[in-house]
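Chains, contacts and geometry: an overview
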Amino acid sequence: MSFRKILVPLVGAENDRVSLAAGFGLAHRHGSHVEALFIRSDPVRSIPYGYATGDVSGYAAEYAIAAAIRAADEAQKIATRAFDECAAREAIEIVARPGLRSKPTAHLRIVQGLFAREVEQASRLADIVVFGVVPGDESRDGAREGGLAALLGGARPVLLVPRELASGFGADVAVAFDGSATASHAATAAIPLLRAAKSVHTIEVTEATGAATNLVDLRGYLALHGLIPVEHVVDPGNRSVGAAIAEAVKASHCDTLVLGGYGHGRFEEFLLGGGTRHLLRSPMPFALFLTH
């Protein structure tokens, strides 16, 4: 098991360099190919709504289209420059076509369409999708939208990496586990990440009873992969599950958290404010590996 193909969506903004650093760092560890994907927005979608009903002039529509094309051109230049500079700095070979090689490779693909839709489609034939997250960056919501599209539509693991970590993540990895199908899927999908880690921690959030029944099963599974985790049983007290997990990750000095995303369904997560929602909406001092 390994991450042979890593998808890194680019948006032509500050977080592209974070995404690329994370993707290239992962590629070095696994000998992977990185597909950097820049999605140009469709200029036709920039036409004011009133144009279809005759409330907006043709000149205004042409102006909107021209402005959208200029914005897409500028974003593409930023994304291309980031790709070239990061690939050169990380000594990543740029190839026209991916193939089985001993060293990491990459290529930049440029398409036009809706960001979330293109990311979801491209993620179907990728092993993991990597996004950089820059606090306050205007593209953060776009990254979250694309990440959810890959997570829910493409059914691919999604790795969200904060700027402070860039490529420096994955040394100490925590796995939040409650025995659910989504948590189990996350743990199995993260095996390449766990194998490359220096230490693995497992976290179960439950009332303090002295018994971590879910972690016993996970311990046996990880042992088959040669992994011996440090186990943590956390009593949430008056905290939410998400807050309890985040505090346990920080206390164990882990730089990455493996988590099953949206285990209760998106609508129920929205109503209940589940662990996934809490972690996605909070500033992240660690990388977040999500599966659905």
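It should be emphasised that the depicted structure is a prediction, and the values quoted were computed from it without experimental measurement.

1. Remarks on the overall build of the protein chain
Counting secondary structure elements, the protein chain contains ten helices and eleven strands. Buried positions account for 51% of the 292 residues belonging to the protein chain. When contacts within the protein chain are restricted to residue pairs at least 6 apart in sequence, those whose partners lie at least 24 apart make up 78%. Accessible surface for the protein chain amounts to roughly 13,700 Å². Of this, 54% is attributable to carbon and sulfur atoms.

2. Re the environment of aspartate 217
Mapped onto the fold, aspartate 217 is located in helix H7 (residues 213-223). Accessibility expressed as a relative area gives 58% for aspartate 217, which makes it exposed. Taking C-alpha positions, aspartate 217 is 8.3 Å from glycine 179, a pair spaced 38 residues apart along the chain.

3. Quick look at the sheet that holds strand E10 (residues 256-260)
Across the sheet, which stays open at both edges, the eleven strands sit in the order E3-E4-E2-E1-E5-E6-E11-E10-E7-E8-E9 with mixed pairing between neighbours. One side of each edge strand has no neighbouring strand; the edge strands of this open sheet are strand E3 (93-94) and strand E9 (230-234). Against the sheet, H7 makes contact with strand E7 (172-176), strand E8 (199-205) and E9, and its axis sits at roughly 155° relative to E8, the strand it touches most.

4. Concerning the nonpolar core
Judged by nonpolar contacts, the single largest core of 46 residues is most densely connected at Ile6, Leu20, Phe24, Leu26, Leu159, Leu194 and Phe289. For this core, the element with the highest residue contribution is helix H2 (residues 58-89), accounting for six residues. Dropping the residues within four chain positions of it, leucine 20 is found in contact with Val8, Leu10, Ala36, Ala82, Phe83 and Cys86. In terms of nonpolar packing, the next biggest core, distinct from the first, is built from 29 residues, Ala176, Ile245, Ala246 and Leu290 among them.

5. Some thoughts on H7
For H7, the complete set of buried residues consists of Leu215, Leu218 and Leu222. Mapping the buried residues of H7 onto a view down its axis gives an arc of 60°, with all of them on the same face. Exposed residues on H7 whose side chains face more than 90 degrees from its buried face are Thr213 and Asp217. Buried residues along H7 sit against E7, helix H5 (181-189), helix H6 (191-195), E8 and E9.

6. Things to note about the environment of aspartate 255
Topologically, aspartate 255 is positioned in the loop between helix H8 (241-251) and E10. We classify aspartate 255 as buried; its relative accessible area is 11%. Taking the C-alpha atoms as reference points, aspartate 255 and phenylalanine 286, 31 residues apart in sequence, are found 4.7 Å from one another. Apart from residues lying up to four places away in sequence, aspartate 255 is in contact with Leu165, Phe169, Gly170, Ala171, Asp172, Phe286 and Ala287. A distance of 2.7 Å separates the side chain of aspartate 255 from the side chain of threonine 256, its partner in a polar contact.

7. Notes on the pairing of E10
When you tally the buried positions in E10, you get five out of five residues, the bulk of the element. Of the two faces of E10, the one holding Thr256, Val258 and Gly260 and the one holding Leu257 and Leu259 are both buried throughout. Where E7 lies against E10, three bridges are found, and the strand directions are parallel. Opposite valine 175, over in E10, you have valine 258 as the bridge partner. The pairing of E10 with strand E11 (residues 287-291) spans five bridges and is parallel. Considered in E11, the bridge of valine 258 is made with phenylalanine 289.

8. Here's the deal with the pairing of strand E4 (residues 105-112)
Here strand E2 (residues 33-40) runs beside E4; their pairing, made up of eight bridges, is parallel. Note on E4: the bridge partner recorded for alanine 36 is leucine 108. Of the strand pairs in this sheet, E3 and E4 are connected by two bridges, and their pairing is parallel. Counterpart to glutamate 93 in the pairing with E4 is threonine 105.

9. Regarding the side chain of serine 19
Relative to the helices and strands, serine 19 is located in helix H1 (residues 15-30). Not counting chain neighbours up to four residues away, the residues in contact with serine 19 comprise Val8, Pro9, Val130, Phe131 and Gly132.

Parameters at a glance
Residues numbered from 1 in each chain as written. Predicted model: local features only at pLDDT ≥ 70, side-chain atom pairs only at ≥ 80, totals over all residues. Heavy atoms only, no water. Helix = DSSP H or I, 4+ residues; strand = E, 2+ residues; numbered from the N terminus. Buried < 20%, exposed > 50% of the residue type's maximum accessible area, 1.4 Å probe, protein only. Contact = heavy atoms within 4.5 Å. Areas by Shrake-Rupley, 256 points an atom, 1.4 Å probe, with all protein chains shown as cover. Pairing = 2+ DSSP bridges. Axes fitted to C-alpha atoms, helices over the stretch in contact; angles between N-to-C directions. Core = buried A, V, L, I, M, F, W, Y, C linked by side-chain atoms within 4.5 Å. Arc of directions from axis to C-beta. Polar contact = N/O pair within 3.5 Å; in protein donor to acceptor, adjacent residues only side chain to side chain.

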